[in-house]
Amino acid sequence: MSFYAGFDCSTQALSVVVLDAARRAIVFRDSLAFDEPFLASGDGTVVHASPHTWRRALETMLGRVAAQVDRRSLRAISGAAQQHGSVYCDEAPETLTRDTSPIWMDSSTARECREIEAALGGPAPAARLTGSRGFPRFTAPQIRKFAREQPEAYARTSRIHLVSSFMASLLVGAHAPIDHADASGMMLMDIGSRAWSRAALDATAPQLESKLPALVPSSTVVGTLAPKWQERFGLPPAEIVAWSGDNPSSLVGTGLIHEGQLAMSLGTSDTIFGPMREPRVSAEGIGHLFASPLGEYMGITVFRNGSLARQRVRDAFGMSWEAFSQSLQQTPPGNGGATMLPWFEPEITPEVPTARVHRFGLERAAPAQHVRAIVEAQIMALARHSTWMGVTPDVIHATGGAAANREILQIIADVFATPVNRFEATDSAALGAALRALQADTGREWDDVLEGFVTPVAEAIRPVATSIEVYRGLRALQAARERTALRT
Ligand code: XUL
C-alpha cells in the first residue's frame, strides 16, 4: 500500500488529506481550526499571523495522521499554504528573527509597491518580468518594509521563507527550497526563466539573495521526514515534496489541466484561476500570472472580501448559513436591480485601500435581498476581473466552503453562462497537495494521477437562458458603478 499526505495551511485552519494510491480513495481527512488565525491592526491594513500557531498545528496533525492511518504505508508528504506570507528565520527554521509573519490580508505596503515598480521601470514592465505589478500583500514589498523599519532584525535574518517553504522546512528539519508556483507570488522571480530576478532583488532589499532559499519545480523531492518526527510518531522516512501555494495546489485538486477550464475557490479569499499555455498579463494590472505546478502557467485573480464579507451580511441579519441559502432561493436573479460593492475590508481587486461598502437600491430592502446583493456582486466581479486571462471557460470547477451552496453555484453558472461542476472535497488545496506528492513519487502522467480522485459530484449545474440575459445587462451596469466608485 502507498499512502500520500497533503496538508493545507490556510488562513483559518490546518487541514490534511491522506490518500491510498492503489484504491484511489481518501483514507483520512481532518482539519484543525486556529484559535487566532491572524492579528489585525486597528485600521485593518497591517495583518500578521504567528508562525508558532502553524508549527504547533503541524505537530498535532502529524500525530493524528500517525494515529489514524497505517503509518508504515506513508510514502510521501506535500502541502499547500496561504500565499505571499513571509517567515523570517535564523540559522534553524524553528528559530525566528521576527515573531509574526505579514500575511496575504496585509495591505500596508503601498509605498514599497510604488518604489519597487519604479525601480523596475513601472507597473507594466514589473508585471511582464515577475507576473504581477506591485501588490501590497506580495512578499517583496513586505520584505522591503521590514528591512526599512527593522534593519537590525532584517540583518540578523538568515532565511526568509514563504509559509509553504517554512512548513516544508519544519518537516525536513532544515531549510527547504521554494517551489516556482508559490515563488510567483513574491514579485522576486523572473516568471520566464523561473530564477530570482537580479533587478527585482536589488529593488527590494540589501543582500536579499543570500537570505532566500533555492527555487525548484513544484514536483521536487526536497528531503525526507526528519528523524525527530520519525522517532516521535513512529513514521517512516517519507519523502517530502516541495510545498506550494494553496491556489496552485487547488489547481491540481480541482483537476484543471487544460486551458479553458477555470476554477473558483470560495473561501476566506475568493479566487478564480485556470491553466494558461502562454504567459499573458493584464494591461490594467489586474490579477497575476503564476508558474503552474503542472509546468506551464496559471492565471489568477484574488478578492479579499470573500467568505468573511458574506458572513458580515449574514451576521447583520442574525441568519444561519441555511437561512442565507434560503434567501437566495427566495429572491430572483438580478435582485430587482438591488446590489452592492462589498468592500467590507480593503479590497485587492479592484484595489480599494480603505474599507467602504456601496449599496444600490437596498435602502428599504428585506434581509434576503442583501444576501443576494452581495453574492451576485462578488460573482459579477469574479467574471469581470478574470477576462484578462483571455480564457473562454467551457466549464467552471467550484471549490471552497461556499461551493457547498447550490444556489451560489447556480448564480456562477448564470453569470458566466457556463456549466459548473462541484466536487466532494471542498478542501481542494490539501487534496491537490496529496496528489502532487503522489505524482512526484511515481512520475505518473497527470491525467492518470487525477483519475478517480477528482470527479465531479452529481450533474453539472447548467445556466438558465433567461438568467444569463439578466446578468448580461447587470454586468455592464455593475462595471460602470465600480468605475464611478473608484473615482470617489
Ligand atoms: C492569493 C491570495 C490568497 C491566499 C489565501 O494570491 O492572496 O488566495 O493564498 O490563502
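### Digging into the overall build of the protein chain
Along the protein chain, the regular secondary structure elements total 18 helices and 25 strands. In terms of overall size, the protein chain behaves like a compact globule, its C-alpha atoms giving a radius of gyration of 22 Å where 488 residues would be expected to give roughly 23 Å. Counting only C-alpha atoms, the protein chain reaches 60 × 55 × 45 Å along its principal axes. When burial is assessed residue by residue, the protein chain has 62% of its 488 residues classed as buried. Counting contacts in the protein chain only where the partners sit at least 6 residues apart, residues at least 24 apart contribute 72% of the total. Roughly 17800 Å² of accessible area belongs to the protein chain as shown, and the carbon and sulfur atoms make up 50% of that amount. Distance between charge centres in the protein chain, computed from 46 positive and 51 negative side chains, equals 3 Å.

### Some thoughts on the sheet that holds strand β8 (residues 101-102)
Ordered by their spatial adjacency, three strands build an open sheet running β4-β5-β8, and the pairing between neighbours is antiparallel. Looking at which strands have only one partner, the edges of the open sheet turn out to be β4 (39-40) and β8. Bridge count between strand β5 (residues 47-49) and β8: two bridges; the pairing is antiparallel. Pairing of H48 across the sheet is with P102, part of β8.

### Brief notes about the sheet that holds strand β20 (residues 297-303)
The strand order β19-β20-β18-β17-β23-β24-β25 describes an open sheet built from seven strands, whose pairing is mixed. Edge positions in the sheet fall to β19 (288-291) and β25 (456-461), since each of these pairs with one other strand and no more. Pairs of neighbouring strands in the sheet enclose a mean axial angle of 25°, with direction left out of account. Pairing analysis gives five bridges linking strand β17 (residues 261-266) to strand β23 (residues 395-399), with the strands arranged parallel. From the neighbouring strand, S265 faces β23, where its bridge partner is T399.

### Here we look at unusual backbone geometry
Residue P350 follows T349 across a cis peptide bond; omega there is -10°. With respect to the element layout, P350 can be found in the loop between β21 (339-343) and β22 (356-360). Positive phi is not limited to glycine here, since H84 has a value of about 80°. Here H84 shows up in the loop between β6 (74-81) and β7 (86-89). Residues other than glycine seldom take positive phi values, yet A417 does so here, at roughly 50°. Given a relative accessible area of 37%, A417 falls into the partly exposed group.

### Focus on the environment of A485
Residue position: A485 is located in helix α18 (residues 465-487). Taking the C-alpha atoms as reference, A485 lies 33 Å from A203; in sequence the two are 282 residues apart. With near-sequence residues (within four places) excluded, A485 lies in contact with L341, W343, R356 and H358.

### Digging into the site of the ligand
With respect to spatial proximity, the complete set of residues near the ligand consists of T11, Q82, Q83, H84, W104, R137, D246, N247, S269, T271 and V302. Within the backbone of Q83, one N or O atom sits 3.0 Å away from an oxygen atom of the ligand. S269 places a polar side-chain atom, nitrogen or oxygen, 2.9 Å from an oxygen atom of the ligand. More than half of the atoms belonging to the ligand lie within 2 Å of the grid points that define the largest pocket. Across the shell around the ligand, the residue classes break down as two nonpolar, seven polar and two charged. There are two domains that each give the shell around the ligand at least three residues, and those are domain 1 (3-247) and domain 2 (256-422 + 458-488).

### Overview of empty space enclosed by the protein
Scanning all chains against the criterion turns up three cavities of 30 Å³ or more. By volume, the largest cavity amounts to about 130 Å³. As for the largest cavity, its lining consists of 15 residues, and the residues nearest its centre are F303, P342, W343, Q378 and A381. Of all the secondary structure elements, the ones that give two or more residues to the lining of the largest cavity are β21, α14 (367-384) and α18. Counted by class, the lining of the largest cavity contains eight nonpolar, four polar and three charged residues. If you add up the space inside the second largest cavity, you get close to 50 Å³. Classifying every residue of the lining of the second largest cavity gives four nonpolar, one polar and three charged.

### With respect to the pattern of salt bridges
Inspection of every chain in the model, using the stated rule, returns 25 salt bridges. R111 is paired through a salt bridge with E115; the nearest N and O atoms lie 3.1 Å apart. Taken together, the residues span about one helical turn, with R111 and E115 both in helix α2 (residues 110-119) at a distance of four residues. Here D270 and R310 are joined by a salt bridge, their closest N and O atoms 2.8 Å apart. Of this pair, D270 sits in strand β18 (residues 270-276) while R310 sits in helix α12 (residues 307-316), and the two are 40 residues apart along the sequence. The class of D270 is buried, set by a relative accessible area of 2%.

### With respect to the domain arrangement of the protein chain
Here the protein chain is described as being made up of domain 1 (3-247) and domain 2 (256-422 + 458-488). Using C-alpha coordinates to define each centre, domain 1 is positioned 27 Å away from domain 2. Opposite the 32 residues of domain 1 that make contact, domain 2 presents 25 residues. Summed over both sides, the interface between domain 1 and domain 2 buries roughly 2100 Å², with carbon and sulfur atoms accounting for 57% of that surface.

Definitions and cut-offs
Residues numbered from 1 in each chain as written. Predicted model: local features only at pLDDT ≥ 70, side-chain atom pairs only at ≥ 80, totals over all residues. Heavy atoms only, no water. Helix = DSSP H or I, 4+ residues; strand = E, 2+ residues; numbered from the N terminus. Rg over C-alpha atoms; globule rule 2.2 N^0.38 Å. Buried < 20%, exposed > 50% of the residue type's maximum accessible area, 1.4 Å probe, protein only. Contact = heavy atoms within 4.5 Å. Areas by Shrake-Rupley, 256 points an atom, 1.4 Å probe, with all protein chains shown as cover. Lys, Arg positive; Asp, Glu negative; His and termini not counted. Charge placed at Lys NZ, Arg CZ, Asp CG, Glu CD. Pairing = 2+ DSSP bridges. Axes fitted to C-alpha atoms, helices over the stretch in contact; angles between N-to-C directions. Near = heavy atom within 4 Å. Polar contact = N/O pair within 3.5 Å; in protein donor to acceptor, adjacent residues only side chain to side chain. 1 Å grid on protein atoms, 1.4 Å probe; cavity = no way out; pocket = protein on both sides within 12 Å on 5 of 7 lines; lining within 4 Å. Sits in = over half its atoms within 2 Å of the grid points. Nonpolar A, V, L, I, M, F, W, Y, C, P; charged D, E, K, R; others polar. Domains from an automatic or database assignment. Points joined across faces, edges and corners; volume = space filled by probe spheres on them. Salt bridge = Lys/Arg side-chain N within 4 Å of Asp/Glu carboxyl O. Buried area = accessible area lost by both parts, 1.4 Å probe.

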